[in-house]
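Read off the chains here:
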Amino acid sequence: DRDMDKKRIEELLEENMVLEIAQKQSMNESAHLGWELEQLSKSTDLADSEKSFVFELNECASSRILKLEKDNQSLQNTIQELRDASLTSRESSLKFVELEKENQQLSKKIEKLQNQIEKEKQSNQDLETLSEELIKDKEQLQVVMETLKADKDRQVQTLQCNITTC
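Residues numbered from 1 in each chain as written. Predicted model: local features only at pLDDT ≥ 70, side-chain atom pairs only at ≥ 80, totals over all residues. Heavy atoms only, no water.

Where an unreviewed UniProt entry is consulted, the chain appears under the name DAPLE protein, with the organism given as Xiphorhynchus elegans.

In structure tokens:
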């Protein structure tokens, strides 16, 4: 999408340059025709037939000037539309780049969180294993305690029996 946007921007800029050149040529031609018209109207010693020709030329030049001015305005509008389109395209490209950066940042955050989850899973598993081992140790200690208590009770009975018989 970014390459297509760049290509479109380049096309729009190129078309913009062509239209500006055409506009300048049109304005130059209009100015030249205006100058010719002015030169012709300044000549006062022309014959009547020449004045008729000058009048026709004047009318032709005026109509050509109006047409060129209309074309010029149309080109100006097209140039403005192309500038607006170019600006919109640049804004889209900038927004796309901004969203790409944000996407990369979020991907990194997700990766960190996944690593943290894995560590916590491993920690929970280690704690579970330790808990199971502690329960086994407790059970073994209870058996040892019961055995020791039974031995103690027997020894006490033996001692009491020895004391009462003595």
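On we go from here.
What the chain contains, in helices and strands, is 2 helices and 0 strands. Taken over C-alpha atoms, the radius of gyration comes to 50 Å for the chain, far larger than the 15 Å a tight globule of 166 residues would show. Taken over the C-alpha atoms alone, the chain extends approximately 175 × 20 × 15 Å along its principal axes. In the chain, which comprises 166 residues, the proportion classed as buried is 12%. Nonlocal contacts in the chain, meaning residues at least 24 apart in sequence, comprise 89% of its contacts between residues at least 6 apart. (Helix = DSSP H or I, 4+ residues; strand = E, 2+ residues; numbered from the N terminus. Rg over C-alpha atoms; globule rule 2.2 N^0.38 Å. Buried < 20%, exposed > 50% of the residue type's maximum accessible area, 1.4 Å probe, protein only. Contact = heavy atoms within 4.5 Å.)

Moving on, we get to the pattern of salt bridges. All told, the structure shown has 7 salt bridges when counted by the stated rule. Among the ionic pairs, E29 bridges to R64, the shortest N-O distance being 2.4 Å. You can see E29 sitting in helix α1 (residues 2–42) and its partner R64 sitting in helix α2 (residues 48–165), a full 35 residues away along the chain. For R64, a relative accessible area of 31% gives the class partly exposed. (Salt bridge = Lys/Arg side-chain N within 4 Å of Asp/Glu carboxyl O.)

Further remarks concern the nonpolar core. Counting 5 residues, the largest nonpolar core is built from L12, L19, L75, I79 and L82. Broken down by secondary-structure element, the contributors of at least two residues to this core are α1 and α2. When residues of this core are assigned to their parent elements, the largest contribution, 3 residues, is made by α2. Ignoring any residue separated from it by four or fewer positions in sequence, one finds L19 in contact with L75, T78, I79 and L82. (Core = buried A, V, L, I, M, F, W, Y, C linked by side-chain atoms within 4.5 Å.)

Turning to a nonpolar patch on the surface, a few remarks are in order. On the surface, L127, L130 and L134 cluster together to form a nonpolar patch covering roughly 290 Å² of accessible area. Positionally, L127 belongs in helix α2. Note on L127: relative accessible area 51%, which makes it exposed. (Patch = residues over 30% accessible without salt bridge, like charges linked within 9 Å, V, L, I, M, F, W, Y side chains within 5 Å. Areas by Shrake-Rupley, 256 points an atom, 1.4 Å probe, with all protein chains shown as cover.)

So, on to the environment of T129. Secondary-structure assignment places T129 in helix α2. Between the C-alpha atom of T129 and that of E11, which follows or precedes it by 118 residues, the distance is 67 Å.

With respect to the secondary-structure elements, N72 resides in helix α2. Assessed through its relative accessible area of 17%, N72 is described here as buried. In this structure N72 touches Q23, S26 and M27, once residues within four positions along its chain are discounted.

Moving on, we get to a negative patch on the surface. Negative charge collects at one region of the surface, where E128, E132, E133 and D137 lie side by side. Looking at the secondary structure, you find E133 in helix α2. Residue E133 is classed as partly exposed on the basis of its relative accessible area, which comes to 44%. (Lys, Arg positive; Asp, Glu negative; His and termini not counted. Charge placed at Lys NZ, Arg CZ, Asp CG, Glu CD.)

Attention shifts here to the side chain of Q23. Following the sequence through the fold, Q23 ends up in helix α1. The class for Q23 is buried, based on a relative accessible area of 9%. Setting aside anything within four residues of it in sequence, one finds Q23 in contact with N72, L75, Q76 and I79.

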